[in-house]
Amino acid sequence: MSDGSGSRLPGIDALRIFGAVLVVGLHVGLFPEWPHALMEVSRAMSRWVVPFFFLVMGFFIGQRALIGPTALVTSGRLLQITLVCTVLYGVLNLLQLGLRGGVERMISPEFIVRGAWGHLWFMHAALAGLLLAAARPDWWQPRAAWWGIGVVLLGCSGLDSMFAMGRIDWPTMFASRFLSGVAMVWLGIKLASVPREALARRWPVLLVAGLVLMVLQALAVRFKGGEPAEMQLHVGAVVLGVAALALGLALPASAGLERLAGWGRRYALGLYLLHPMIIELLRVAGVRRSDVLWLGAAVLTLLLLWASEHLFPKGKAVLDGR
């Protein structure tokens, strides 16, 4: 990632590759081989990643002098990536379900809202947030925008908790999750107006606050008979996403950090986009243990990206939206 001046921020890029690996674990599903408490904690502690990705996208848009044109250019890149991935996953749907079943699934409202295999909703929500920022860049500027974004995120998190308690259905949760993605892009844009040094200094406080909020919300959901492992949008996870962004700004430059940052710039996006295909292939091959699926899918997807970068650089560039 680069800021408005074009300089790199290696801490942010290093956290991107780390976060992308955690996302693979989230998409493997539950981990029945682990003690239940450990599984719940591990899933909850990984929920900061999606807010972090949304926030980072908005943050670097907000660093630019002209928000609207920058958001529009980034939207074009996201649209290309989304279309390429829709084609890739569409072919897999046809292979899995046949012509009629594959077409019916791809035109279903659930497929469009959720994204292919449930993870490309991130691209759809980010695209909507950027297009809205391009169309109305004046909306995020007033100080009251902080409160508006906060209200939206609190409402979406409340609906997510209700879903974990069995009080609302899947379509409502999908719509809420989509709206939360739009709001987090705008939160990232607003965070860009905070002095960078001030934000970087606050990462320990944000980390502790996020952890406390996650625990309290999970306990409340459990008290009401819900399943905390089903929650996707903890309020604390959004705060942890801000903490990760602040930590990325605070990390001192080093050779090791630069190496991780290079991997983040080159592979984090592709890892996020392609890993569900590798998970499915491993399942077809007979791999059932969840932690083995997690490790295997992460490693094999990274190897696939490395190979495509060296053997099919133009294809890799298309996947990256370049």
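Above this note sits the structure.
Cut-offs applied
Residues numbered from 1 in each chain as written. Predicted model: local features only at pLDDT ≥ 70, side-chain atom pairs only at ≥ 80, totals over all residues. Heavy atoms only, no water. Helix = DSSP H or I, 4+ residues; strand = E, 2+ residues; numbered from the N terminus. Buried < 20%, exposed > 50% of the residue type's maximum accessible area, 1.4 Å probe, protein only. Contact = heavy atoms within 4.5 Å. Areas by Shrake-Rupley, 256 points an atom, 1.4 Å probe, with all protein chains shown as cover. Lys, Arg positive; Asp, Glu negative; His and termini not counted. Charge placed at Lys NZ, Arg CZ, Asp CG, Glu CD. Core = buried A, V, L, I, M, F, W, Y, C linked by side-chain atoms within 4.5 Å. Salt bridge = Lys/Arg side-chain N within 4 Å of Asp/Glu carboxyl O.

A. Just the overall build of the chain, in detail. The secondary structure content of the chain amounts to 14 helices and zero strands. Shown N-terminal to C-terminal, the secondary structure of the chain runs as helices and strands in the order α-α-α-α-α-α-α-α-α-α-α-α-α-α. Referenced to the eigenvectors of the C-alpha coordinate spread, the extents of the chain come out at roughly 50 × 50 × 40 Å. Residues counted as buried form 49% of the 322 residues belonging to the chain. Excluding contacts between residues fewer than 6 apart, the proportion of contacts in the chain whose partners are at least 24 apart in sequence is 79%. Total accessible area on the chain is roughly 15200 Å²; 71% of this is exposed by carbon and sulfur atoms. One finds the centroid of the 28 positive side-chain charges in the chain at a distance of 5 Å from the centroid of its 17 negative side-chain charges.

B. A look at the nonpolar core. Core analysis: the largest hydrophobic core is formed by 77 residues, its most contacted members being F52 and L273. By residue number, the principal contributor to this core is helix α12 (residues 255-284), which donates eleven residues. Excluding anything up to four places from it in sequence, L273 contacts I81, C85, Y89, H119, L120, M123 and L319.

C. Region of the structure containing the pattern of salt bridges. Following the criterion strictly, the structure yields nine salt bridges and no others. Its salt-bridge partner being D291, residue R289 comes within 2.7 Å of it at the nearest N-O pair. On the basis of relative accessible area, R289 is assigned to the partly exposed category, the value being 41%. D320 is paired through a salt bridge with R322; the nearest N and O atoms lie 3.2 Å apart. Via salt bridges that share partners, D13, R16 and R265 belong to a single interconnected network.

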